[in-house]
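Read off the chains here:
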Amino acid sequence: MSFITCTDLKLGYDGETVTEGISFEVNEGDYLCIIGENGAGKSTLMKALMGLNKPMSGKIEFGDGITKQEIGYLPQNKEFQRDFPASVSEIVISGTLSKCGWRPFYGRAERQVAENNMKRMELWDLKDKCYRELSGGQQQRVLLARALCATGRLLLLDEPVTGLDYKVTCEFYGLLSELNKSGVSIVMVSHDLEEAIGHANKILQIGREQVFFGDKEDYLRSESWKSFHNHHVSHVHAGEASQCTPSGHISGHGALRRSEGPLKQEAYDAGYKGGGSKL
Amino acid sequence: MSIFETFRMYFSYPFVRYAFVVAVVMSLSASLLGITLVLKRFSFIGDGLSHVAFGAMAVATVFGSINNNVIVLPLTILAAVILLKTGNNTKVKGDAAIAVFSVGALAVGYFIMNVFSVSSNVSGDVCSTLFGSTSLLTLNEGEVWFSVVLAVIVIALFVILYNRIFAVTFDEDFANATGINADRYNLIIAILIAVVIVMGMKMVGSLLISALVIFPALSAMRLFDDYRRVVICSAVIAVVCAVFGMLLSILLSTPVGATIVIADMAVFVAVVLIRSVFK
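Residues numbered from 1 in each chain as written. Chains lettered and ligands numbered in written order. Predicted model: local features only at pLDDT ≥ 70, side-chain atom pairs only at ≥ 80, totals over all residues. Heavy atoms only, no water.

### Observations concerning the confidence of the model for chain A
Detailed reading of the predicted coordinates is not advisable wherever pLDDT falls low.
Residue and element names in this part refer to chain A.
For step 1, the next point in the chain: Here chain A averages 75 in pLDDT, while 78% of its residues score no lower than 70.
For step 2, the next point in the chain: Within the model, pLDDT remains below 50 along residues 236-242, and this stretch shows 22 contacts once partners closer than five positions in the same chain are excluded.
For step 3, the next point in the chain: Below a pLDDT of 50 lies the segment residues 247-279, which in the model reaches 73 contacts outside its immediate sequence neighbourhood of four places, other chains included. (pLDDT = per-residue confidence, 0-100. Contact = heavy atoms within 4.5 Å.)

Have a look at this one:
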């Protein structure tokens, strides 16, 4: 039995269909990358997986002992959180809350889980630091540690690198890859192509309907990859090639890194995905 | 007469002691909820609700019910729930809904008080409902107990739900994903804030009550970087300002509500100045 099995999902808001015909599964140890154009319904699918909105039709089943409480979620970085007065340890331990049941306060077990995950994410020295004073990469590691407090088995990530600079992005993907190798299943929605799918073993591409689901190797040979990829390359100016190698080192140099608004995001994406198609 | 003797003389009157107790418990519970309101960008809900409470108070006065709170409390809680729901609805902008509610309630309240009032001093009634100036003279023991019980409930719920309120305030999506019903806690917070506002109306009046909600939280957030310290600091500032404001209003014969609010404001200005010097 898979962790997650989705059969013929139709997703949308207020009766408007965003995407349909989505069928895929996530098994133990998988690293699934969900890609698609802006507005293709990637985040809608993510919300459906978390039970935040109901699919218009189709089924989402959880199996293999995964319950809703055992999903670790890493959201897009929200602007308001950037001035929230909270220490690293306060945020990380809040990930264990679902394990507390009806107990109002954290016990020794929860503190231990939080400590382990802070050490795992190299945050232990920062545990009393304020979240808003951390760098973007450190903030993402805090949110990752919090997600790991909720689960050791399945992580959902929604565009986790938005707003991070290039070097930090590569480090972050390296970290995810290590987690995956240690047995955590990963489902990630992402804007960037090369870097994001570099570590994945399964790909789901969605548009108005499902375009592709299967192994990465098959995907890279498929027509859908070629057209999707070429579409992005065509946006790019020459000489902005850049990519993360699987080991997390950096080759090439990207222009336009920071993204703040939709317009800049476009430019960021274009620069980011530019060039090198070596994977 | 020395200052000490003045205080002893005043505190020999039961209504002064009552007012003192109510001011402290009310400021304390307002400041605790204030942090959540400020961080969730809900500050205006508090403001809108206080106007609704004014309208409800006007209705209650005209109907001459024995205890105004029987009418005012349920109406304000109802308004809190409606405001929260419309705030979440993307079609009706939350701030517009609040403006409609607060201005409407003010107009209806003033209209009712003028047209149906049996009192000979309408403007005095309106003024004391808005600014709470003279109403501490009319506090009776029953109303003091009512306030104390409500304050104990608010504070106890805040302590018991502390970790969950933190999680929901910091990241609603993550809380939902891990099986914490964020809507339920938002509803609890809205109800609690309605309770605090009704409780504080007698003391500081409906126009000034939101100052007690917002100022201590804003001051504390500028002094401390982690959530627990911000909560404690906010509570301390609120209690100190309530005590100091009460004593000052006795010494100077100034209106109680306004004096407490000015004390809170003075602390806020001092904190802002200190931070700008030491940064």
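### A word on the packing of aromatic side chains
For step 1, the next point in the chain: Counting across every chain of the model gives eleven aromatic pairs over all chains.
For step 2, the next point in the chain: Taking 6.0 Å as the distance between ring centres and 55° as the angle between the ring planes, the aromatic pair formed by Phe24 of chain A and Phe213 of chain A counts as tilted. You can see Phe24 of chain A sitting in strand β2 (residues 16-26) and its partner Phe213 of chain A sitting in strand β9 (residues 210-215), a full 189 residues away along the chain.
For step 3, the next point in the chain: Between the aromatic rings of Phe84 of chain A and Phe166 of chain B, the centroid separation amounts to 6.0 Å while the plane-to-plane angle is 80°, which identifies the pairing as edge-to-face. Here Phe166 of chain B lies in helix α8 (residues 162-170) and Phe84 of chain A lies in the loop between β5 (71-74) and α2 (88-93), a pairing that spans two chains. (Phe/Tyr/Trp six-rings, centres within 6.5 Å; stacked < 30°, edge-to-face > 60°. Helix = DSSP H or I, 4+ residues; strand = E, 2+ residues; numbered from the N terminus.)

### Looking at the interface of chain B and chain A
For step 1, the next point in the chain: At the junction of the two partners, chain B supplies 27 residues and chain A supplies 36 residues.
For step 2, the next point in the chain: Carbon and sulfur atoms supply 59% of the area buried between chain B and chain A, which totals about 2,800 Å² over both sides.
For step 3, the next point in the chain: Of all residues in chain B, Phe170, Phe174 and Asp225 of chain B give up the largest surface area on contact with chain A, accounting jointly for 27% of the area buried on that side.
For step 4, the next point in the chain: Taken together, the links from chain B to chain A amount to two salt bridges.
For step 5, the next point in the chain: Salt-bridge contacts for Asp225 of chain B lead to Arg132 of chain A; the nearest nitrogen and oxygen are separated by 2.7 Å.
For step 6, the next point in the chain: For the side of chain B that touches chain A, the secondary-structure elements that each account for two or more residues are α7 (141-160), α8, α9 (172-177) and α12 (227-252) of chain B. (Buried area = accessible area lost by both parts, 1.4 Å probe. Salt bridge = Lys/Arg side-chain N within 4 Å of Asp/Glu carboxyl O.)

### Some points on the side chain of Ser31 of chain B
All names here are of chain B.
For step 1, the next point in the chain: Looking at where Ser31 falls in the secondary structure, it is placed in helix α2 (residues 14-39).
For step 2, the next point in the chain: By relative accessible area, Ser31 is classed as buried at 0%.
For step 3, the next point in the chain: Of the polar contacts made by the side chain of Ser31, one reaches the backbone oxygen of Leu28; its length is 2.8 Å. (Buried < 20%, exposed > 50% of the residue type's maximum accessible area, 1.4 Å probe, protein only. Polar contact = N/O pair within 3.5 Å; in protein donor to acceptor, adjacent residues only side chain to side chain.)

### So, empty space enclosed by the protein
Residues and elements named next belong to chain B.
For step 1, the next point in the chain: Applying the stated rule across the entire model yields three cavities of 30 Å³ or more.
For step 2, the next point in the chain: There is about 70 Å³ of room inside the largest cavity.
For step 3, the next point in the chain: Taken together, ten residues line the largest cavity, and the ones lying closest to its centre are Asn69, Glu143, Ser147, Met199 and Lys202.
For step 4, the next point in the chain: Elements with a contribution of two residues or more to the lining of the largest cavity: α7 and α10 (182-204).
For step 5, the next point in the chain: Among the elements that take part in the lining of the largest cavity, α10 stands out by supplying four residues, more than any other.
For step 6, the next point in the chain: Taken together, the residues of the lining of the largest cavity break down into six nonpolar, two polar and two charged. (1 Å grid on protein atoms, 1.4 Å probe; cavity = no way out; pocket = protein on both sides within 12 Å on 5 of 7 lines; lining within 4 Å. Points joined across faces, edges and corners; volume = space filled by probe spheres on them. Nonpolar A, V, L, I, M, F, W, Y, C, P; charged D, E, K, R; others polar.)

### Remarks on the nonpolar core
For step 1, the next point in the chain: Among the nonpolar cores identified, the biggest contains 156 residues, and Leu144 and Leu176 of chain A are the most heavily contacted of them.
For step 2, the next point in the chain: In terms of residues, this core owes the most to one element, α10 of chain B, which gives 15 residues.
For step 3, the next point in the chain: Leaving out residues up to four positions away in the same chain, Leu144 of chain A has contacts with Leu74, Met121, Leu155, Leu157, Phe172, Leu175, Leu176 and Leu179 of chain A.
For step 4, the next point in the chain: Ranked by size, the runner-up nonpolar core spans six residues in total, among them Phe54, Ala58, Val122 and Val126 of chain B. (Core = buried A, V, L, I, M, F, W, Y, C linked by side-chain atoms within 4.5 Å.)

### What about the sheet that holds β5 of chain A?
Residue and element names in this part refer to chain A.
For step 1, the next point in the chain: Pairing in this open sheet of six strands is mixed, and the strands run β5-β6-β7-β3-β8-β9 from one edge to the other. Taken across any chain shown, the strands that pair with only one partner, and hence form the sheet edges, are β5 and β9. Between one strand and the next, the sheet's axes are offset by a mean angle of 15°, whatever the strand orientation.
For step 2, the next point in the chain: Relative to strand β7 (residues 185-189), strand β3 (residues 31-35) runs parallel, the two sharing four bridges. Bridge pairing links Leu32 to Val187 in β7.
For step 3, the next point in the chain: Strand contacts of helix α5 (residues 166-181): β3, β5, β6 (154-158) and β7, with the helix running at about 145° to β7, the strand carrying the most contacts. (Pairing = 2+ DSSP bridges. Axes fitted to C-alpha atoms, helices over the stretch in contact; angles between N-to-C directions.)

### Side note on the layout of surface pockets
For step 1, the next point in the chain: Counted as a void, the largest pocket has a volume near 730 Å³.
For step 2, the next point in the chain: The wall of the largest pocket is formed by 28 residues, among which Ser89, Glu90 and Arg111 of chain A together with Tyr162 and Arg228 of chain B lie closest to the centre.
For step 3, the next point in the chain: Of all elements in the fold, only α2 and α3 (108-120) of chain A together with α7, α8 and α12 of chain B reach the threshold of two or more residues within the lining of the largest pocket.
For step 4, the next point in the chain: Residue classes in the lining of the largest pocket are distributed as 15 nonpolar, four polar and nine charged.

### Let's talk about α5 of chain A
Residues and elements named next belong to chain A.
For step 1, the next point in the chain: Under the 1.5 Å per step criterion, the end-to-end length of α5 is 23 Å for 16 residues, consistent within 8% with the ideal 22 Å.
For step 2, the next point in the chain: Within α5 the residues assigned to the buried category are Tyr166, Thr169, Cys170, Phe172, Tyr173, Gly174, Leu175, Leu176, Ser177, Leu179 and Asn180.
For step 3, the next point in the chain: Of the residues trailing α5, Gly183 is marked for its positive phi of about 110°. (Expected span 1.5 Å × (residues − 1).)

### Comments concerning the environment of Ala56 of chain B
All names here are of chain B.
For step 1, the next point in the chain: By the element assignment, Ala56 lies in helix α3 (residues 43-63).
For step 2, the next point in the chain: Relative accessible area serves as the criterion here: at 4%, Ala56 is assigned to the buried category.
For step 3, the next point in the chain: Placed 13 residues apart in sequence, Ala56 and Asn69 show a C-alpha to C-alpha distance of 9.2 Å.

### Quick look at the sheet that holds strand β4 (residues 57-62) of chain A
Residue and element names in this part refer to chain A.
For step 1, the next point in the chain: Across the sheet, which stays open at both edges, the three strands sit in the order β2-β1-β4 with antiparallel pairing between neighbours. A strand with exactly one partner marks an edge of an open sheet, and here the two such strands are β2 and β4. Strand-to-strand twist of the sheet, defined as the mean angle between neighbouring strand axes without regard to direction, takes the value 25°.
For step 2, the next point in the chain: Here strand β1 (residues 4-13) runs beside β4; their pairing, made up of five bridges, is antiparallel. Of the residues in β4, the one forming a bridge with Cys6 is Ile60.
For step 3, the next point in the chain: Relative to the sheet, helix α1 (residues 42-49) contacts β1, β2 and β4, its axis offset from that of β1 by approximately 120°.

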